[in-house]
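Remarks on the overall topology
One letter stands for each residue in the lines below.
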Amino acid sequence: DPAKNLKQPYRIYMNHVLNYEGYRFFQSSYDGDEKGTILSVNHDFWGTFFTYIGYALMALGMFLTPFNKYSRFALLGKIIRRHRGLIKTATAVILLLFAFNNPILGQHDYDHLNPDDIPVVNKGLANDFGRLLVQSNDGRLEPVNTLASEVLRKISWKNKLYDMNPDQVFLGMMSQPLTWQQIPMIKVGHKEIKHLLGIDGKYASYFDFINMKSGTYKLQKFVSAVYAKKPAQRNMFDKEVMKVDERMNICYLIYSGEFLKILPNPTGPLKPWYSPASKVAGLPVEDSLFIKKIIPSYFNAVAGNDIAMAKQLEQSISDFQKKYGKQIMPSEKKINTEIAYNRMMIFDNLSMLYGVIGFILLIFVFVELFNNTKTVRVIIKIITLLVIIGFLAQTAGLIMRWYISGHAPWSNGYESLIYIGWVTMLAGIIFSRRSAMTLAATTVLASIILMVAHLSWMDPEITNLVPVLKSFWLTIHVSVITASYGFLALGMLLGFINLLLMIFKNKTNFANLENKISELTAINERTLMIGLYMLTIGTFLGGVWANESWGRYWGWDPKETWALVSVLVYVFILHMRYIPGLKNNFSFNFASLIGYASIMMTYFGVNYYLSGLHSYASGDPVPVPSFVYYILIVVVILSIWAYVNERRFTKKT
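Residues numbered from 1 in each chain as written. Predicted model: local features only at pLDDT ≥ 70, side-chain atom pairs only at ≥ 80, totals over all residues. Heavy atoms only, no water.

1. Considerations on the overall build of the protein
Defined as follows: Under the scheme used here, helices are H or I runs from DSSP no shorter than 4 residues and strands are E runs no shorter than 2 residues, and both carry numbers assigned from the N terminus. When a residue's accessible area, from a 1.4 Å probe over protein chains only, is under 20% of the maximum for its type it is buried; when over 50% it is exposed; and in between it is partly exposed. Note on contacts: a residue pair qualifies if any of its non-hydrogen atoms lie within 4.5 Å across the two residues. Calculation of accessible area relied on Shrake-Rupley with a 1.4 Å probe; when residues are assessed, cover is drawn exclusively from the protein chains displayed.
Within the protein, the regular secondary structure consists of 22 helices and 9 strands. When each of the 653 residues of the protein is scored for burial, the buried share is 49%. For the protein, contacts bridging at least 24 residues in sequence account for 68% of all contacts bridging at least 6. Of the accessible surface of the protein, which amounts to about 32700 Å², a share of 62% is contributed by carbon and sulfur atoms.

Next up, the structure:
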């Protein structure tokens, strides 16, 4: 046992490998009680060296192929130019101003929320309170503004309530709990749940959930029944009960003070911070009294609108944080950036703006097909410029999130989706020089991706990384393979548009649409090539990450297996042109459309239906969303219709 010869103890865990005289020790797993570690050992320096050289040569070849003038990629470029000619792009203008509080979002639609007396917290006090730091459940230090924003979104599905920002609402709930418990603010969408609570509008108050005569929770028996069921057996009512119950529990934690871990532990900055509900023991008398008294005193001053006293107490809290938490506190610059990021809501706003702009651009691109006038072309260029401005804002949002979190912004479901949305837009802008249709399709697709990212089951919270993700390879492997999904998604949408154009073919527009379909098909093929290159390189980089973390390249984990399946699917699609019966525009576009199902299975299916190192499944599978079946029906009808119409014109020619 070479490890016995070590002179000093060595801690081995994920991404912290023991190297000793050519042997490499990995933590392959650990005991259930977490008191023992199971190690695997590897001794293959030269094998690893030549394997990595092979991977590097493969990646280099794929990277250089698009620049080879004799490659298929270059040939497709010539086809595009032959069909369309070069299109001058609009000059990119960098704007830093962005309308982040868009009225389209409906922030002021309160649907019968008109209580007579809603206490309005002083905005200046709330903003100062929002700058204080709080410790999240995973130990990250973040501004109270971040916690307040997350809480309001989860409870009310809003970014403002009664014309108050999240800081005002959160501080109001903490300082005047009895008053706010009577204010409707908990989102309730299901009619049966509304009936059980005895409400008419979309929002319920905290007290609406309590039976005042018996002092019991109105939904208790329904909550118990839901959690006793398997996930596959839960109906829509059950799911809504779970969501509403979660919102109710968040309010309870706020009113009880457990959410606000705002005071650092004087015995050590890395220890859990204190909240108003924490028990204080083992501290010097002065610190103990401060922790017990300061927060209630501050809330009393806010409730009494004693602004001078509240500011003085807020400064005392800030000084206490700096005194005992200075070693781990983020810088003022990072705090300012995070608060600005929260208030801008870049990705949330872009999901709406991209949808509107993309839809308008799509309309004018279709108009251009049949009425190619100078006015239409100018409008398309103006809209293209707006899309580019939006992309700059999207890029700024990613950079801000990266800076705030301290790690690459693609470590969870929400982050990977906003990153895919960014890559999708990048792909559209790259190919927009050849086709405005591509950019229009991309903008609509990016809008859909960002909307999905902001659905209730996606959590936009910024969190710390788990140990296995604290690796250089997270940035490399995940970024490359996730970026490929954006290019392949663009190919899927271009395939959809081409099938749609095939349906619109008739005798009068045949030549025009045939040229457009050929142009978009060539762009589609180039897009899929880039996507396949990135998917393949990303998969092999995953092998490197696995070898560096676990000591093996491949373990037939469901995620690894489906990544390989996806590579093989797109390899086949891009080589269909060598099969006589499949060498046509319909077959390629149809394949590019349905081929993305393999990516959806890799990205979503594995996570929620298969158990493995990369997944979140834990036994019972969740039901397949109903919209999946609707999409399948649309694809089948569209494909058959396009095939029949395309076949009719193929026979004539």
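2. With respect to the nonpolar core
Which entries qualify depends on this criterion: Among the buried residues, those of types Ala, Val, Leu, Ile, Met, Phe, Trp, Tyr and Cys that are joined through side-chain atoms within 4.5 Å form a nonpolar core.
Core analysis: the biggest nonpolar cluster contains 86 residues, and Y485, Y570 and Y596 have the highest contact counts within it. The element contributing the most residues to this core is helix α17 (residues 472–503), with 16 residues. Filtering out sequence-adjacent residues up to four positions away, Y570 remains in contact with L488, L528, L532, S592, G595, Y596, S598 and I599.

3. As for helix α15 (residues 413–431)
Spelled out, the test is: One less than the number of residues in a helix, times 1.5 Å, gives the span that helix is expected to have.
With 19 residues, α15 extends 27 Å from end C-alpha to end C-alpha; this agrees with the ideal 27 Å at 1.5 Å per step. Counting buried positions along α15 gives 15 out of 19 residues, so the element sits mostly inside the fold.

4. Focus: the packing of aromatic side chains
Inclusion rule: Stacked, tilted and edge-to-face are the three classes assigned to paired rings of Phe, Tyr and Trp, where Trp is represented by its six-membered ring and a pair needs centres within 6.5 Å; plane angles under 30 degrees give stacked, over 60 edge-to-face, the rest tilted.
Tallied over the full model, the rule gives 23 aromatic pairs. Both rings, one in Y55 and one in Y553, keep their centres 6.5 Å apart while their planes meet at 85 degrees; by these two values the pair is edge-to-face. In this pair, Y55 sits in helix α1 (residues 45–64) while Y553 sits in the loop between α18 (510–550) and α19 (558–574), placing the two residues 498 residues apart along the sequence. With a centroid separation of 5.6 Å and an interplanar angle of 55 degrees, the aromatic rings of F63 and F67 are classed as tilted. Of the aromatic side chains, those joined through ring pairs into one cluster are Y52, Y55, F540 and Y553.

5. Things to note about the packing of helix α14 (residues 374–405) against helix α16 (residues 436–453)
The condition is simple: Lines fitted to C-alpha atoms define the axes, with helix axes restricted to the stretch in contact, and inter-axis angles between N-to-C directions lie between 0 and 180 degrees. These descriptions rest on fixed angle ranges, namely under 35 degrees for roughly parallel, over 145 for roughly antiparallel, 65 to 115 for roughly perpendicular, and the rest for oblique. Should the near helix be turned anticlockwise from the far one by less than a right angle, the crossing is termed left-handed; should it be turned clockwise, right-handed. Three classes are used, and their members are as follows: Ala, Val, Leu, Ile, Met, Phe, Trp, Tyr, Cys and Pro are nonpolar, Asp, Glu, Lys and Arg are charged, and the others, Gly among them, are polar.
Packing of α14 against α16 leaves a shortest axis separation of 11 Å and a crossing angle of 40 degrees. With respect to α16, the axis of α14 lies oblique. Once α14 is placed against α16, the crossing between them reads as left-handed. Across the interface between the two elements, I380, T384, V387 and Q394 of α14 pack against A436, L439, T443 and L450 of α16. Looking at the contact of α14 with α16 residue by residue, the classes come out as 5 nonpolar, 3 polar and no charged.

6. Observations concerning the pattern of salt bridges
Heads up, the rule is: Here, a salt bridge means any Lys or Arg side-chain nitrogen found within 4 Å of an Asp or Glu carboxyl oxygen.
Tallying each qualifying case throughout the model produces 12 salt bridges. As a salt-bridge pair, E240 and K243 come within 3.8 Å of each other at their nearest N and O atoms. Here E240 pairs with K243, and both are found in helix α9 (residues 236–256), just 3 residues apart, close to one helical turn. Judged by relative accessible area, E240 falls into the buried class, the value being 15%. If you follow the salt bridges from partner to partner, you end up with R72, E525 and R577 in one network.

7. Considering the environment of M534
Take M534: it is sitting in helix α18. Given the relative accessible area of 21%, M534 is considered partly exposed. M534 has contacts with V480, I481, A483, S484 and F487, leaving out every residue within four places of it along the chain.

8. With respect to a nonpolar patch on the surface
Spelled out, the test is: Here the term patch refers to residues with relative accessible area over 30% and no salt bridge, with like charges joined within 9 Å and nonpolar side chains (Val, Leu, Ile, Met, Phe, Trp, Tyr) within 5 Å.
A cluster of nonpolar side chains, F45, W46, F49, F50, I53, L57, L60, F63, L64 and F67, forms an exposed patch at the surface whose accessible area comes to about 1200 Å². By the element assignment, F50 lies in helix α1.

9. Concerning the environment of L76
Checked against the element boundaries, L76 lands in helix α2 (residues 72–84). Sequence separation between L76 and E525 is 449 residues; the distance between their C-alpha atoms is 7.9 Å. Excluding its chain neighbours within four sequence positions, the residues that come into contact with L76 are A522, E525, R526 and M529.

10. Details of helix α5 (residues 166–175)
Helical geometry note: an α-helix holds 3.6 residues per turn, so side chains three or four residues apart project in the same direction. Rules: Polar contacts, as counted here, are pairs of nitrogen or oxygen atoms within 3.5 Å of one another; within protein the pair requires one atom able to donate a hydrogen and one able to accept it, and residues that are adjacent in sequence qualify only if both atoms are side-chain atoms.
The buried fraction of α5 amounts to 10 of the 10 residues, a majority that puts the element mostly inside the structure. Three or more residues of α5 are buried, namely P166, D167, Q168, V169, F170, L171, G172, M173, M174 and S175. Here the buried face of α5 lies against α3 (123–131), α4 (144–156), α6 (177–180), α9, α10 (285–303) and α12 (332–344). For α5, the N-terminal cap is N165; the gap from its side-chain oxygen to the backbone nitrogen of D167 is 3.1 Å.

11. Structural notes on unusual backbone geometry
Here the phi dihedral of W157 falls at roughly 60 degrees; this positive angle occurs in a residue that is not glycine. Tracing the backbone shows W157 in the loop between α4 and α5.

12. A look at the packing of α5 against α9
At their nearest, the axes of α5 and α9 sit 8 Å apart, and the two run at 65 degrees to each other. Handedness of the crossing formed by α5 with α9: right-handed. On the side of α5, the interface is formed by F170, M173 and M174, while α9 contributes C251, I254 and Y255. Grouping the amino acids of the contact of α5 with α9 by side-chain chemistry returns 6 nonpolar, no polar and no charged.

13. Observations regarding the confidence of the model for the protein
Rules: Summary of the metric used: pLDDT quantifies the predictor's per-residue confidence within the range 0 to 100.
Taken over all residues, the pLDDT of the protein has a mean of 81, while the share at 70 or more is 83%. Predicted confidence is poor over residues 1–10, with pLDDT under 50, and the contacts of this stretch with residues over four places away or in other chains come to 10 contacts.

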